[in-house]
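The chain contents come next:
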Amino acid sequence: MVSLPERLSDIELSRRDRLILYYLTGLSVLVLVYTVAYNVAMWRLEGVDQSIFASFEFVVQTMTTTGYGQDSGHWSRPLMFLFVAMIQISGIGIGFFTLRLIIIPLFTDAEVNLDDRLTPKEDHVVVCEYRRDSTVLLDELEELGIDYVLISSSEEDARELSAEGYAAIDGSPQDASAFERASIDSARAVITDAGSANVNTILTVRSIRPDVEIIALTDDSDLRDVLLDAGADSVLSPHGVLGHRLAEKAVSSFSAELTDTVDLGADMEVVEIPVAHGSRLVGTRIRDSRIRERTGANVIGAWIDGELQLPPDPNAVIRPNTVLLVSGGHEALEAFSEFTRRRPSPRQHERIVLAGQGEVGRAARSVVEESGIDFVTVDIEDRDGVDVVGDAASRSVLQEAGIKRADAIVVGLPDDSASLLATVLSRSMNPDVEILVRVSDTDATRKALSAGADYVLSVPRVSARMVARELRGEDVLAPASQVRIVRVPATPFAGTTLAESSIYEETGCRVIAVEDDSGPSITVDPQREFTGEERLTIVGSDEAVQRFRSRFDVAPTETEA
């Protein structure tokens, strides 16, 4: 929801917008002055008494060079001719300025200084070389009310983002002048995602602002200590977090023991569980599944056909790639996990294929190794720990890796097209295999589900959540998941009930737990009146949580920060 400013003085304009406003205001004043002066001159010098509107018409016709023959016969004094000539000359000059300042930038690709489009910045975030779908992070920052400037070494990328309304400039993050243009003197933090140039960027920032907070993102968790030594305050490794999560999901399919639950307190937990191919739940309507009666777990949401339903439609049919979000005690969730597992097949044995041994694959491997489950690693490069060397998006390579007898495959390939191909091939070669996929483009999430994936995590989504947690102190309970679960203060809802708050109707989020002085409770009474001292656990898609933050302007509490 977009909030309108209460006063005109609250509107922030970019330098270019201010210039256009000043220009149009000056032009209006000039036309007004010319109109009055011409009207007076016609009366005093030529003895012609005409209306002010006729004089206005003359000025507009003259300045736009559209003609004004009706008045030319009235001029006889030299001063009158000089005055008319001055209007004509100024009209030509103004026409050139209008063309260059407004018309050309709007309708052509003429050069535009991106700095002129920036609004005044203060207490903002400077983002350097963000490589994980910039718009996902920038939309996240905008919804959280965090001002920013993105510095990109690619002039083309910067111009595209600026044309879409994002605060972006081109420049090198290793150049101090780029940070000065981004108003680093008044910035609250710097986010660098410059890959091998991260250290150079950090040192550049420290030479300008020794006190500013620096958050570094890296695809190689082994560089954590190096980046900290260089001057970063915190280092985030989204690929590692994502790889761990995918592997935990894969391992959980072999045992009812769950390792990836989110603790809500009071011995209550919440977990996402993909419904396996061959599960007894496949083809059953949610209302007929009797999950609560059979396991004690409560279904609070479901990803069905790539869409999150909170709460799920009771008539929705559970499909093989449906992901159920359930809450309950640990034993109830383990019973539910056992209930959703596939029926055993004599063709399969406990094996996981790990496709790709980059940061995601190595993180996944560390989890699988600890579980003791048999696994096979696949990578296009012959490196330590790789069992099968070759393209994982190849039928022959997947066959060599034993996909036909595997229970699960974790696809951690850096290229989304290759990941989608590997997903389709894996599903065609083994209809019962559980497929867990990492994608680099948020838009590829739905494609991966359509291709046959059971569980999909997006690098840009995970990265944006981790950055939001660092910047705003957002209490993200599970950064790497298909849903977003956060704890927020109930301050905006003091004196109202959950039913009156319209949280779900206005944002799409669902309150799944309420914590007060007596502790957390997942039994949420819609008629309970909030005092404002409680903390709410809400769940929703990333867009829904962003709407919640924007609509209710919830700031982090001391415990969150």
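Criteria and thresholds
Residues numbered from 1 in each chain as written. Predicted model: local features only at pLDDT ≥ 70, side-chain atom pairs only at ≥ 80, totals over all residues. Heavy atoms only, no water. Helix = DSSP H or I, 4+ residues; strand = E, 2+ residues; numbered from the N terminus. Buried < 20%, exposed > 50% of the residue type's maximum accessible area, 1.4 Å probe, protein only. Contact = heavy atoms within 4.5 Å. Areas by Shrake-Rupley, 256 points an atom, 1.4 Å probe, with all protein chains shown as cover. Pairing = 2+ DSSP bridges. Right-handed = clockwise from strand over helix to strand, strands pointing away. Arc of directions from axis to C-beta. Axes fitted to C-alpha atoms, helices over the stretch in contact; angles between N-to-C directions. Core = buried A, V, L, I, M, F, W, Y, C linked by side-chain atoms within 4.5 Å. Parallel < 35°, antiparallel > 145°, perpendicular 65-115°, else oblique. Nonpolar A, V, L, I, M, F, W, Y, C, P; charged D, E, K, R; others polar.

## Here's the deal with the overall build of the protein chain
(1) Moving on: When helices and strands are counted, the protein chain shows 19 helices and 22 strands.
(2) Moving on: Residues counted as buried form 52% of the 561 residues belonging to the protein chain.
(3) Moving on: In the protein chain, 66% of the contacts between residues at least 6 apart in sequence involve partners at least 24 apart.
(4) Moving on: Surface accessibility of the protein chain: about 25,800 Å² in total, with carbon and sulfur atoms responsible for 51%.

## Considerations on the pairing of strand E17 (residues 455–458)
Consecutive side chains along a regular strand alternate between the two faces of the sheet.
(1) Moving on: Residues Tyr455 and Leu457 point to one face of E17 and Val456 and Ser458 to the other, with burial holding for every one of them.
(2) Moving on: With four bridges joining them, strand E16 (residues 434–439) and E17 adopt parallel strand pairing. Looking across to E17, one finds that Val439 is bridged to Ser458.
(3) Moving on: Of the crossover connections in this fold, the one passing from E16 over helix H15 (residues 444–451) to the parallel E17 is right-handed.

## Some thoughts on helix H11 (residues 330–340)
(1) Moving on: Every buried residue of H11 is listed here: Ala332, Leu333, Phe336, Ser337, Phe339 and Thr340. Down the axis of H11, the smallest arc covering the buried residues is 160°, so these residues share one side.

## Side note on the environment of Phe493
(1) Moving on: Along the polypeptide, Phe493 turns up in the loop between strand E19 (484–489) and helix H17 (498–501).
(2) Moving on: Separated by 36 residues in the primary sequence, Phe493 and Glu529 place their C-alpha atoms 8.6 Å from one another.
(3) Moving on: Residue contacts for Phe493: discarding those within four places in its chain leaves Ser501, Ile503, Phe530, Leu536, Phe548 and Phe552.

## A look at the sheet that holds strand E3 (residues 168–170)
(1) Moving on: Pairing is parallel in the open sheet, where six strands are placed in the order E3-E2-E1-E4-E5-E6. If you trace the sheet from one side to the other, it starts and ends with E3 and strand E6 (234–236), each paired once. Direction aside, the axes of adjacent strands within the sheet are offset by 20° on average.
(2) Moving on: In the sheet, strand E1 (residues 125–128) pairs with strand E2 (residues 148–152) via four bridges, with the strands oriented parallel. Counterpart to Val125 in the pairing with E2 is Tyr148.
(3) Moving on: Across the sheet, helix H4 (residues 134–143) touches E1 and E2, and the angle it forms with E2 is around 165°.
(4) Moving on: Each of E2 and E3 is contacted by helix H5 (residues 155–163), which is oriented at about 160° to E3, the strand it contacts most.

## Side note on the nonpolar core
(1) Moving on: One finds Val190, Ile352 and Leu471 to be the most contacted residues of the largest nonpolar core, which totals 84 residues.
(2) Moving on: Broken down by element, the residue count for this core peaks at seven residues, all from helix H16 (residues 459–472).
(3) Moving on: Setting aside anything within four residues of it in sequence, one finds Val190 in contact with Val126, Cys128, Phe179, Ile184, Val205, Val212, Glu213, Ile214 and Ile215.

## Observations concerning the packing of H4 against helix H19 (residues 542–552)
(1) Moving on: As a packed pair, H4 and H19 sit with axes 9 Å apart at the nearest point and diverge in direction by 30°. Comparing their axes, H19 and H4 come out roughly parallel. Taken together, the residues of H19 that come into contact with H4 (itself represented by Asp139, Glu140 and Glu143) are Gln546, Arg549 and Ser550.
(2) Moving on: Its residues placed into classes, the contact of H4 with H19 shows no nonpolar, two polar and four charged.

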